[in-house]
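# Analysis of the macromolecular model
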Amino acid sequence: MIAVVDEERDGVALSNLDSPLGDGLEVAKRALVDHFDAVADRLVPLLAGRPLSVKRVRPGQPPFMQRNASKGAPGWVRTVPVWSEGSHREIHQVLCEDRRTLLWLGNQRAVELHVPFLRVGEAGPTGLVLDLDPPEGAGFPVVVAAARLVRRALEDARLGGAVKTSGSKGLHVVVPVHGSPVEDVAAATRALAARTAALDPELATTAYLLEDRGGRVFVDSTRSGQGTIVAAYSPRIRPGLPVSFPVGWDDLDDVRPGDFTVTTAARLLGDRDPWAEALPAPQQLPDELVAQGHTIPVARVQAMHEGKRRKRAREASD
């Protein structure tokens, strides 16, 4: 596609704004850029200091995840060197710390903005997340019920959290923390997931393997520590571009993920920043929660070993 510059905002040349953003998304590129522009004052603080992983789209191509900064990025786009275990080399990830970088990302068709809980230059994570993923075919109310279990588990541990839609089918419960290393935060997340599932084993599970979930909501503890989470106010690559949107605990019964899209989010926000309002102050993790978590195997590792064991068992039976 030949780039046709339509307008300029904050020194960023914006091109092909009225062309389809991507296949099957049902919105023009302008909708993404306008959304980023409208929420920049609330979104940029959530991205600042955190190496970005972005998921981009292009018409005629499948979506793709990108961590390394695009070649030809303007000189004012800040990046940070990060060692990539996957490619075994140093890459340079974008730091989005101002409106024009966010607009540039929108012009690049970077739809999803994923951030780590670690800021550049800081040793400890700033939070943890429990990602609630409903079973196939289940309605949103089952995810809401699981979120309320998470809240009970948090209250029992004397912790507070805020909830937002994932922008897909589920919910994210985010708990700001401070003063703990990566390993302890990851352990506390596993413990909270286990406590959540124990409150109602018929509704929620920590089973990483899909075949073991039995139609229950998956309480995913694997995105904390060194993982990433889609930022609040970030769109997701789905038809209509739904947005990961803050929801009050008392409002969960009255919303559905599809209520929040790039064409409705800014209007629903008005002048407010409900995510900043909802997040409690960073909290110290209880020692007993961390200690419990260190006794729980890492879900991905446990699932890998179990998958191999089952494969060997099938091969032996054959």
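Residues numbered from 1 in each chain as written. Predicted model: local features only at pLDDT ≥ 70, side-chain atom pairs only at ≥ 80, totals over all residues. Heavy atoms only, no water.

With that out of the way, let us pick up the sheet that holds strand 9 (residues 162–165). In space, the six strands of this open sheet follow the order 11-12-8-10-9-14, with mixed pairing throughout. Looking along the sheet, the strands with just one partner apiece sit at the ends: strand 11 (204–205) and strand 14 (246–247). Strands strand 8 (127–133), strand 10 (171–176), strand 11 and strand 12 (217–220) of the sheet are contacted by helix 3 (residues 140–156), whose axis makes an angle of about 15° with strand 10. Contacting strand 8, strand 11 and strand 12, helix 4 (residues 182–199) runs over the sheet at an angle of about 35° to strand 8. (Pairing = 2+ DSSP bridges. Helix = DSSP H or I, 4+ residues; strand = E, 2+ residues; numbered from the N terminus. Contact = heavy atoms within 4.5 Å. Axes fitted to C-alpha atoms, helices over the stretch in contact; angles between N-to-C directions.)

Time to look at the sheet that holds strand 7 (residues 110–116). Taken together, four strands build an open sheet; the order of strands is 4-3-7-13 and the sheet is antiparallel. Two strands lie at the open edges of the sheet, namely strand 4 (61–66) and strand 13 (228–230), each paired on one side alone. Here the strands of the sheet are splayed against their neighbours by 25° on average, with no regard to which way each runs. With three bridges joining them, strand 7 and strand 13 adopt antiparallel strand pairing. Across the sheet, V115 pairs through a bridge with I229, a residue of strand 13.

This part takes up the side chain of R213. Relative to the helices and strands, R213 is located in the loop between strand 11 and strand 12. Looking at R213, its side chain comes within polar contact range of the main-chain oxygen of A207, at 3.0 Å. Leave out the neighbours within four places in its chain, and R213 touches D133, T205, A207, Y208 and F218. (Polar contact = N/O pair within 3.5 Å; in protein donor to acceptor, adjacent residues only side chain to side chain.)

Every α-helical turn comprises 3.6 residues, leaving residues that sit three or four positions apart pointing alike. Spanning 17 residues, helix 3 covers 25 Å between terminal C-alpha atoms, matching the ideal 24 Å at 1.5 Å per step. Turning to helix 3, its buried residues number three or more, namely F140, V143, V144, A146, A147, L149, V150, A153 and L154. Looking at the buried positions of helix 3, the neighbouring elements they touch are strand 8, strand 10, helix 4, strand 11 and strand 12. Positioned one or two residues after helix 3, R158 has a phi angle of 60°, which is positive. (Expected span 1.5 Å × (residues − 1). Buried < 20%, exposed > 50% of the residue type's maximum accessible area, 1.4 Å probe, protein only.)

The next subject is the domain arrangement of the protein. Once the domains are mapped, the protein shows domain 1 (5–123 + 229–278) and domain 2 (127–227 + 281–305). Counting residues at the interface gives 27 residues for domain 1, matched by 28 residues for domain 2. On the domain 1 side of the interface with domain 2, the three residues burying the most area are F117, W249 and W275, jointly 35% of the side's total. At the junction of domain 1 and domain 2, the tally comes to one salt bridge. (Domains from an automatic or database assignment. Buried area = accessible area lost by both parts, 1.4 Å probe. Salt bridge = Lys/Arg side-chain N within 4 Å of Asp/Glu carboxyl O.)

Here we take up the packing of helix 1 (residues 29–47) against helix 2 (residues 99–107). Running from N to C, helix 1 and helix 2 point in directions that differ by 145°, and their axes come no closer than 8 Å. When you trace helix 1 past helix 2, the crossing you get is right-handed. Contact residues: K29, L32, V33, F36, D37, A40, L43, V44 and L47 in helix 1; R99, L102, L103, G106 and N107 in helix 2. Of the residues contributing to the contact of helix 1 with helix 2, the split by class is nine nonpolar, two polar and three charged. (Left-handed = near helix turned anticlockwise from the far one by under 90°. Nonpolar A, V, L, I, M, F, W, Y, C, P; charged D, E, K, R; others polar.)

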